[in-house]
Amino acid sequence: MRSVAVATRRPADNPFASHRIDGLVFRFNGPGLTALHQRLEELGGRSAIVGPKGSGKTTLLDELTATLPGKPIQVRIGASDRNPWHTVRTQLPTSVIPDHAVFVDSAEQLGTIGWRLLLRATRHARSFVATLHRPGPLPTLIECRTDHALLRKLVEELLPEDWPVLAPGLEELFERHEGNIRSCFRELYDVYAGRATLSSSQGGL
Amino acid sequence: MTILTLQTTDGGSWFKPGELIEGRASWHFDGKVEAIEVRLFWYTSGKGTRDVEIVHVLRTDSPNTSGHRDFSIRVPDGPYSFSGKLITLAWAIELVALPEGETERLDLRIGPQPVEVDIR
């Protein structure tokens, strides 16, 4: 186990600070955004981005929000939301019209009745895209997956050139966080803030 | 090519609560844009989810392809710019072209002193 050689002073200067993570773009492992637009159209404009936690679903949803035609309506359901349908209802306009493009993040938290209500409320929308952990009530637009190479690529992009790069430690980190890249970033934040060390049997930073 | 510039009148970036931030936003677009907005906002950055609050917006609909707008925005009472153990709270003013969302940003420091409050 070795400690990090570079420690940041201000939280905002940390390579893994939230504003830097939010600035990352979705990495397509295949056809890109234009192909996704086309597929959504083929699916009637209603579809789901499917993947486990920390696999880039929200990042991709944000990119679709910014690029799909129509007036975007973003709905975010919190992780500890006690009444997800109420959250959705308060973020949707009173009447969803054909000009609206509706994007619902963390829609897996809606129960059967919530889903039924959501599908009904958005039936006139130009497009409706939701993120889900598993295939469900909407046809799947894309399945998000992560792997060691993706984590490495993103870490290399986030780190300044002259900063030490995790070598063998990244694979262990990825496994420990079960492929949740956002969760990996949270641990890396602490490592580069000098508050934690990254365990690795083969060395580290 | 789009050119966006933002500057405060005296080139300063530190403002006390209650003071006026005065400056000029200038732009040049190759084609028409729907609107431009000058926004004063703060955001947090660090570990976890980012928080953002826009505290003032000056909107100009259907601006000319080249032009400028002088702005004057009063600084609210808070929050101050600070850095803690887990987050930094930072202020900025930005010029945004809509609907494309191209931006130019000017970082500011808000508080009674010209340095960010350190609460670690």
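Residues numbered from 1 in each chain as written. Chains lettered and ligands numbered in written order. Predicted model: local features only at pLDDT ≥ 70, side-chain atom pairs only at ≥ 80, totals over all residues.

## A few points about the overall build of chain A
Right, so step 1: When helices and strands are tallied, chain A shows 8 helices and 5 strands.
Right, so step 2: Listing every helix and strand of chain A by position from the N terminus yields α-α-β-α-β-α-β-α-β-β-α-α-α.
Right, so step 3: Each principal axis of the C-alpha atoms in chain A carries an extent, and together these give about 55 × 35 × 25 Å.
Right, so step 4: Burial status across chain A gives 33% buried among its 205 residues.
Right, so step 5: Counting only contacts in chain A whose residues sit at least 6 apart along the sequence, the fraction spanning at least 24 positions is 79%. (Helix = DSSP H or I, 4+ residues; strand = E, 2+ residues; numbered from the N terminus. Buried ≥ 20, exposed ≤ 12 C-beta atoms within 10 Å, placed from the backbone. Contact = placed C-beta atoms within 7 Å.)

## Concerning the sheet that holds strand β1 (residues 3-8) of chain B
Residue and element names in this part refer to chain B.
Right, so step 1: With antiparallel pairing, 3 strands are arranged side by side in an open sheet as β1-β3-β6. Strands with a single pairing partner mark the edges of an open sheet, and in this sheet they are β1 and β6 (66-74). With direction set aside, neighbouring strand axes in the sheet form an average angle of 15°.
Right, so step 2: Bridge count for strand β3 (residues 20-28) against β6 is 9 bridges, and the pairing is antiparallel. Residue pairing across strands places S26 opposite H68, the latter belonging to β6. (Pairing = 2+ DSSP bridges. Axes fitted to C-alpha atoms, helices over the stretch in contact; angles between N-to-C directions.)

## Details of the pairing of strand β1 (residues 46-50) of chain A
Residue and element names in this part refer to chain A.
Right, so step 1: Counting buried residues in β1 gives 4 out of 5 residues, a clear majority hidden from the surface.
Right, so step 2: As judged from the 5 bridges shared by β1 and strand β4 (residues 127-132), these two strands associate in the parallel manner. Looking at β4, one finds that S47 is bridged to V129.

## Describing helix α3 (residues 57-67) of chain A
Residue and element names in this part refer to chain A.
Right, so step 1: Taken as a whole, α3 has its buried residues at K57, T58, L60, L61 and L64. One face of α3 carries all of its buried residues, which in axial projection span an arc of 160°.
Right, so step 2: Tucked inside the fold, the buried residues of α3 contact β1, β3 (100-105) and β4. (Arc of directions from axis to C-beta.)

## Observations regarding the interface of chain A and chain B
Right, so step 1: Contacts between chain A and chain B engage 11 residues on the former and 14 residues on the latter.
Right, so step 2: Within the residue set of the side of chain A that touches chain B, elements represented by two or more residues are α1 (18-22) and α8 (181-192) of chain A.
Right, so step 3: A total of 3 residues in the side of chain A that touches chain B trace back to one element, the largest contributor, which is α1 of chain A.
Right, so step 4: When grouped by side-chain class, the residues that make up the side of chain A that touches chain B number 5 nonpolar, 3 polar and 3 charged. (Nonpolar A, V, L, I, M, F, W, Y, C, P; charged D, E, K, R; others polar.)

## Looking at the pairing of β4 of chain A
Residue and element names in this part refer to chain A.
Right, so step 1: With 6 of 6 residues buried, β4 is to be regarded as a mostly interior element.
Right, so step 2: Neither face of β4 is left uncovered, since the one carrying S127, V129 and T131 and the one carrying F128, A130 and L132 both have all their residues buried.
Right, so step 3: Viewed along the sheet, the connection from β3 through helix α5 (residues 112-121) into β4 turns out right-handed. (Right-handed = clockwise from strand over helix to strand, strands pointing away.)

## Some thoughts on the confidence of the model for chain B
Right, so step 1: Summarising the model, chain B shows a mean pLDDT of 94, and 100% of its residues fall at 70 or more.
Right, so step 2: Among the prediction metrics, the complex's ipTM stands at 0.73, with pTM recorded as 0.82. (pLDDT = per-residue confidence, 0-100.)

## Some words on the domain arrangement of chain A
Often the size quoted for an interface is simply the accessible area lost on bringing the parts together.
Residue and element names in this part refer to chain A.
Right, so step 1: Assigned domains within chain A: domain 1 (11-25 + 146-192) and domain 2 (33-143).
Right, so step 2: In this structure, domain 1 and domain 2 have C-alpha centres spaced 27 Å apart.
Right, so step 3: Of the residues lining the interface, 8 residues belong to domain 1; the matching set on domain 2 comes to 6 residues.
Right, so step 4: Looking at side-chain class alone, the side of domain 1 that touches domain 2 contains 3 nonpolar, 4 polar and 1 charged residues. (Domains from an automatic or database assignment.)

## Some details on the packing of helix α6 (residues 148-158) of chain A against helix α7 (residues 169-176) of chain A
All names here are of chain A.
Right, so step 1: With their axes 10 Å apart at the nearest point, α6 and α7 run at an angle of 115° to one another. The chirality of how α6 crosses α7 is right-handed. Facing α6, whose interface residues are H148, L151, R152 and V155, α7 presents L170, E171 and F174.
Right, so step 2: Its residues assigned to classes, the contact of α6 with α7 comprises 4 nonpolar, 1 polar and 2 charged. (Left-handed = near helix turned anticlockwise from the far one by under 90°.)

## A look at the nonpolar core
Right, so step 1: By size, the foremost hydrophobic cluster in this structure holds 36 residues, and its most contacted members are F16, C184, F185, L188, Y189 and Y192 of chain A together with L95 of chain B.
Right, so step 2: Of all the secondary structure elements, the ones that give two or more residues to this core are α7 and α8 of chain A together with β3, β4 (35-46), β8 (87-98) and β9 (102-110) of chain B.
Right, so step 3: If near-sequence neighbours (up to four positions away) are discounted, F16 of chain A is found in contact with I21, L158, F185, L188, Y189 and Y192 of chain A.
Right, so step 4: In terms of nonpolar packing, the next biggest core, distinct from the first, is built from 27 residues, L60, V88, V104 and L110 of chain A among them. (Core = buried A, V, L, I, M, F, W, Y, C linked by C-beta atoms within 7 Å.)

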